[in-house]
Amino acid sequence: MADCIRVPLLLLLMCIFSCVHPSGAENNKLNANAGASLPRRRSTGWKLAEEAVCRDDLTRLCPKNSWNNNLSVLECLQDKKEETEISTECNHLLWNYKLNLTTDPKFESVAVEVCKSTIAEIKECASEELGKGYLVSCLVDHRGNISDYQCNQYIHKMTSIIFSDYRLICGFMDKCREDINTLHCGSISTGEKDIHSQGEVIACLEKGLVREAEQQPGAHAIKDECKKSIMRVAELSSDDFHLDRYLYFSCRDDRERFCENTLAGEGRVYKCLFNHKFEEAMTERCREALTTRQKLIAQDYKVSYSLAKACKSDLRKYRCSVDTNMPRAREARLSYLLLCLESAVHRGRVVSGECQGEMMDYRRMLMEDFSLSPEIVLHCRSEIESHCSGLHRKGRTLHCLMNVGRGDAGAIDPNCQRALQTLIQEADPGADYRIDRALNEACESVIQTACKHIRNGDPMILSCLMEHLYTEKMVEDCEHRLLELQYFIARDWKLDPILYKKCQSDASRLCHTRGWNETSEMMPPGAIFSCLYRHAYRTVEQGRRSSSAGLDCKVEVQRILHQRALDVKLDPELQRRCMTDLGKWCSEKTEAGQELECLQDHLEDLVMDCRDVVGNLTELESEDIQIEALLMRACEPVIQSHCHEMADNQIDTGDLMECLVQNKHEKEMNEKCLVGVTHFQLVQIKDFRFSYKFKTACKEDVLKLCPNIKKKVDVVICLSTTVRNDTLQDVKEQRVSVKCRKQLRVEEVEMSEDIRLDPELYDSCQPDIKRLCPNINYGNAQVIECLKENKRQLTQRCHQRIFKLQEVEMVDPELDYQLMRVCKHMIRRFCTESEGKNMLQCLKQNKNSELMDPKCKQMITKRQITQNTVTLNPLLRKACKADIPKFCQSILNKATADTELEGQVISCLKLKYADQVCICYKHSKLAHKFTEVLNMLKESKADIFVDPVLHTACALDIKHHCAAIPPGRGRQMSCLMEALQDKRVRLQPECKKRLQDRIDMWSYAAKVAPAEGFSDLAMQVMTSPSKNYILTMIG
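Under the annotation held in an unreviewed UniProt entry, the chain carries the name Golgi apparatus protein 1 and is attributed to Neogobius melanostomus.

Colleague: Hey, could you go over the overall build of the chain for me, with residue numbers and the actual values?
Modeller: The secondary structure content of the chain amounts to 59 helices and 0 strands. In the chain, buried positions account for 56% of the 1035 residues. Put simply, 65% of the contacts in the chain that link residues at least 6 apart link residues at least 24 apart. Carbon and sulfur atoms make up 49% of the accessible area of the chain, which amounts to about 47,400 Å² in all.

Colleague: Let's hear about the state of the cysteines: which residues, and what values?
Modeller: By the definition in use, this model includes 25 disulfides. Sulfur-sulfur distance for the disulfide between Cys706 and Cys718 comes to 2.0 Å. Across the S-S bond linking Cys706 and Cys718, the dihedral sits near -95°, which makes this disulfide left-handed. One end of the pair, Cys706, is in the loop between α39 (692-705) and α40 (712-728); the other, Cys718, is in helix α40, with 12 residues separating them in the sequence. Look at Cys706 and you get buried, because its relative accessible area is 2%. Two residues share a disulfide in this structure: Cys831 and Cys842, whose sulfurs sit 2.0 Å from each other. Measuring handedness by torsion sign, the sulfur bridge of Cys831 and Cys842 sits at about -95° and is left-handed. Linking Cys831 in the loop between α46 (824-830) and α47 (839-845) with Cys842 in helix α47, this pair joins segments that are 11 residues apart in sequence. A residue is classified by how much of its surface remains accessible, and Cys842, at 6% relative accessible area, is buried.

Colleague: Which residues make up the environment of Cys842, and what values go with them?
Modeller: For the pair Cys842 and Cys831, spaced 11 residues apart in sequence, the C-alpha to C-alpha distance is 6.1 Å. Those residues within four positions of Cys842 in sequence are excluded, and the remaining contacts are Phe830, Cys831 and Ser834.

Colleague: For unusual backbone geometry, give the residues involved together with the corresponding values.
Modeller: As a rule of thumb, non-glycine residues mostly have phi less than zero, and peptide bonds are mostly trans rather than cis. Phi at Asp730 takes a positive value of approximately 50°, unusual for a residue other than glycine. Mapped onto the elements, Asp730 comes out in the loop between α40 and α41 (738-751). Of note, Asn780 is a non-glycine position whose phi angle comes to about 60°, a positive value. Position of Asn780 relative to the elements: it lies in the loop between α42 (759-772) and α43 (782-789).

Colleague: Help me get a handle on the packing of helix α34 (residues 608-623) against helix α38 (residues 671-684), residues and values and all.
Modeller: At a minimum axis separation of 11 Å, α34 and α38 run at an interaxial angle of 125°. Put simply, α34 runs oblique to α38. Handedness of the crossing formed by α34 with α38: left-handed. In contact with Thr618, Glu621 and Ser622 of α34, α38 contributes Phe680, Val683 and Gln684. Its residues placed into classes, the contact of α34 with α38 shows 2 nonpolar, 3 polar and 1 charged.

Colleague: Got a sec to walk through the packing of helix α26 (residues 437-450) against helix α27 (residues 460-467)? Specific residues and values, please.
Modeller: Here α26 crosses α27 at 75°, and the two axes come no closer than 11 Å. In terms of axis orientation, α26 runs roughly perpendicular to α27. Here Leu439, Cys443, Val446, Ile447 and Ala450 of α26 come into contact with α27, specifically with Ile461, Leu462, Cys464 and Leu465. Residue classes in the contact of α26 with α27 are distributed as 9 nonpolar, no polar and no charged.

Colleague: So, α27: which residues are in play, and what are the values?
Modeller: In an α-helix, one turn spans 3.6 residues, which is why side chains three or four residues apart end up on the same side. Counting buried residues along α27, 6 of its 8 residues qualify, which places the element largely inside the surrounding structure. For α27, the set of buried residues is Ile461, Leu462, Ser463, Cys464, Leu465 and Met466. Close packing links the buried residues of α27 with α26, α28 (476-489), α31 (551-564) and α35 (629-634).

Colleague: Outline the pattern of salt bridges, supporting the account with residue identities and numerical values.
Modeller: Taken as a whole and judged by the stated rule, the model has 57 salt bridges. For the salt bridge of Arg559 with Glu556, the shortest nitrogen-to-oxygen distance reads 2.6 Å. Residue Arg559 and its partner Glu556 are located together in helix α31, separated by 3 residues, close to a single helical turn. The class for Arg559 is buried, based on a relative accessible area of 12%.

Colleague: How would you sum up the environment of Leu570? Please name residues and give values.
Modeller: Topologically, Leu570 is positioned in the loop between α31 and α32 (572-585). For Leu570 and Phe488, which are 82 residues apart along the polypeptide, the C-alpha to C-alpha distance reads 8.2 Å.

Colleague: How would you explain the packing of aromatic side chains if you had to name every residue and give the values?
Modeller: The full count for this structure, using the stated rule, is 7 aromatic pairs. With a centroid separation of 5.1 Å and 65° between ring planes, the pair formed by Tyr248 and Phe249 is classed as edge-to-face. The exposure class assigned to Phe249 is buried, which follows from its relative accessible area of 7%. The interplanar angle of 20° and the centroid separation of 6.4 Å between the aromatic rings of Tyr270 and Phe274 together place this pair among those described as stacked. Of this pair, Tyr270 and Phe274 both sit in helix α15 (residues 268-275), 4 residues apart, roughly one helical turn. Taking the relative accessible area as the measure of exposure, Tyr270 reaches 3% and is therefore buried. The class of Phe274 is buried, set by a relative accessible area of 8%. An aromatic cluster is built from Phe241, Tyr248 and Phe249, whose rings are joined through pairwise contacts.

Colleague: How would you explain the confidence of the model for the chain if you had to name every residue and give the values?
Modeller: Overall, the predicted model of the chain reaches an average pLDDT of 79, with 78% of residues at or above 70. Between residues 1-44, whose pLDDT stays under 50, and residues either more than four places distant or in other chains, the model counts 128 contacts. Contacts from residues 539-546, a stretch scored under 50 in pLDDT, to residues over four places away or in other chains number 11 contacts.

Colleague: Explain the side chain of Asp254 residue by residue, including any values.
Modeller: Mapped onto the fold, Asp254 is located in helix α14 (residues 252-258). Side chain to side chain, Asp254 and Thr283 meet in a polar contact 2.7 Å long. In this structure Asp254 touches Cys259, Leu273, Ala281, Met282, Thr283 and Cys286, once residues within four positions along its chain are discounted.

Colleague: Pulling in residues and values, what's your account of a positive patch on the surface?
Modeller: Where like charges cluster on the molecular surface, the positive patch consists of Arg821, Lys824, Arg828 and Lys855. One can find Arg828 in helix α46.

Colleague: Pulling in residues and values, what's your account of the environment of Phe694?
Modeller: Tracing the backbone through its elements, the reader meets Phe694 in helix α39. Along the sequence, Phe694 and Cys740 sit 46 residues apart, while their C-alpha atoms lie 7.4 Å from each other. Not counting chain neighbours up to four residues away, the residues in contact with Phe694 comprise Phe688, Lys699, Lys712, Val715, Val716, Leu719, Gln743, Leu744 and Glu747.

So, how was this worked out
Residues numbered from 1 in each chain as written. Predicted model: local features only at pLDDT ≥ 70, side-chain atom pairs only at ≥ 80, totals over all residues. Heavy atoms only, no water. Helix = DSSP H or I, 4+ residues; strand = E, 2+ residues; numbered from the N terminus. Buried < 20%, exposed > 50% of the residue type's maximum accessible area, 1.4 Å probe, protein only. Contact = heavy atoms within 4.5 Å. Areas by Shrake-Rupley, 256 points an atom, 1.4 Å probe, with all protein chains shown as cover. Disulfide = S-S within 2.5 Å. Axes fitted to C-alpha atoms, helices over the stretch in contact; angles between N-to-C directions. Parallel < 35°, antiparallel > 145°, perpendicular 65-115°, else oblique. Left-handed = near helix turned anticlockwise from the far one by under 90°. Nonpolar A, V, L, I, M, F, W, Y, C, P; charged D, E, K, R; others polar. Salt bridge = Lys/Arg side-chain N within 4 Å of Asp/Glu carboxyl O. Phe/Tyr/Trp six-rings, centres within 6.5 Å; stacked < 30°, edge-to-face > 60°. pLDDT = per-residue confidence, 0-100. Polar contact = N/O pair within 3.5 Å; in protein donor to acceptor, adjacent residues only side chain to side chain. Patch = residues over 30% accessible without salt bridge, like charges linked within 9 Å, V, L, I, M, F, W, Y side chains within 5 Å. Lys, Arg positive; Asp, Glu negative; His and termini not counted. Charge placed at Lys NZ, Arg CZ, Asp CG, Glu CD.

Shown next as structure tokens:
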């Protein structure tokens, strides 16, 4: 029998013919030197109950019906708890009697007789050589397979005698003598130690074995043959806790308290006591004994009778004990068994329900008590002492270590981190959250409210909890325990059973993974998810559909990405590469989601490794913004009202974010959502790849027309300039593709909504914004509008940038965000058929309609005033491009490329060459040249604001003489004309001069193209497509 503790003849036949007892002479010597010599054997029916040294103890402690059976007397007396319960003389008599039994090979023949049929069935025992006392040892070893009642009873009684004293176990004393002495585990001289303390010797050796496994300081290295003997004794005592004498005496009261109704045998009492180990009422001595036994189970699963029995066939079926490359000691470890069988379960193999139930118990045991893992005790010693002392019970120490591992409580030793990761894989709490007692208790209320629709124990419970992280249903303790566990699950894709199930075939095909419990240096567990992500999101875009992951796998990858977005520490690559930058830039960002936003804000400042991973994640978010779970929660109202169709799509392609941007200022938009959407827009301008739809539509155009340009705003300017030049030059085929031009328009409009989305403009005008627009919101282009209104007060740098912006807007009014927003309904009413470039012209034509919205009318007036500069009047500039340099070259010579002429050119044309106004228009190809003059005159009479020069010159007079007159329909102009004609009124000289100029111009226009009446004039004005420009010329 390999590796077997030989148990020589423990003949139970004494219950059949009790044939051994100490001689009378020797009995008289017991008081002086009990056990110094062996008693001689008698052939008569001698009984222990008849011996005088034990009669008083027997009468006091044992029922009368047991007196006639020597084995019953032995059982009764040897199970007494305290040494003082029976006399020393009786103890020694019992010792000599049992030793005499175990050393007489004659009684082997009794075992052959009683267990005849059993021996024939058990091949190992049938092959034992008789006469050496090994047969009974074999029967003890295989007692679980004995079906014969008499033989079973015989072996059971025999076993209880052996385990009452380690010296009765064949070979044990010889193999462990040196270690017993070295560890001071007790005396090995016969008779020096009474029967009840012998279990402590075994317990002492077991503790020494545990200390060695944990590599505790000063631990003694126990000899291999003694180690085997210790583990074998533990294994042989695994079915009945009576056989572990130290634990039996340590836990006898606790057994009565917690497990009174639990039948002995098959390890049931052990399991019951294990389940109550951390109860407050459990005695410390019993808890210590139970922990020692659990540590032995961790070293050799066969020390657990129930686990070894339940999983025996499954272990054989899945070849969990035949790895020839692995040392036998490692193969027997509980962790190896769990990993092997968990691998079978995760691969969809059938493992018996009984075995899975046992595995569940021991996985929970590992999570409850960190000390059962020697690697954690060894490598996490300093972390436990520094951060987690006094938290030993119910898995709290382990979660404390996991919290340290997250980096929330200081640095952690890499070996400790690896030990924690290994333990999480062994316990596999991702498959059933109930294994993690600390998490289960902390999250019970959340599960009952938020996840009650999910079956108890289902792995989706953890996902459900993650979905409710940072919501009102989450409680703080559950949040902490959940993030601590998820930190380690996130670092090994296999620990999420749903992900593993849906993606294992793709991982094997695309990422070359091995079995569930196997790892590869070429593809470590943390790299597998990155591989799956690449194949789930990038291959279709790159045109490699054959190498893409399946839809089921992609959905799971998406789920994991949603969870990781909740906490930067759940993304292993991000945390590893960005640890320095997180400390440098984001140490104060502690709220959920803030760390990633901080990294995105500092993208240009990050080290290359960190910048790459943050860039990749941001690029992914642009494709599927639903990954940002916190943003999605904040934006729920606006999504439901305006974007629900996009949100319902299983696979997003940037449509949802585009919808949120377009509806930024709807009433359903709350502050949190607005801040989140705007932040994402600001991040997008850093790299055009961060705008998924723009990147997809314009990637080829960018490579061809704007190579080496990275920033989105620069790419937009590059492409827009190309489109504008092609349009102005009337090229036959635009260089920018149709799909790109379409998306480019979306990007241009979005950028016009917030000055921060144009970094150069924003940087140029920051001082001006603080000085002139300090309380203005950035959204809805309000800051831009504020700067326009205060243009004369702007710094030169900002003024130039605003002027350039206005140039673009006048050529393409659709990019004038404020105009398009304020006049949105009027555009629908009056200008549905107008092209984008003619939108302002259309609005001006309908400005004085009774149906015109007052706010829109005011906005149109502002834009008309803006057009007082020829540079901002594209139609006038085109019509008079030959006349302007001819008559006003001196003004042009003084100007630089970025100088705004502020009406000087138009004044030049008006004041010096009034008659050339018509010539200018005659030389233009516009058929309505004379009508333009009339249109402009009519507009100036209708609204003095349209004539900025006149309005500025007469502002004081309007205040003094026409304050009560409402503007519009020529009312204020009529008031000024009456004041001019009234000799009693003294107007400002400049106002008087400008009014007289207007009268002269109107008279000249009337002579050139007289109207038959006001209705005719009005008709000409209303039908002119360019009615707005004449007045600006004469201004």
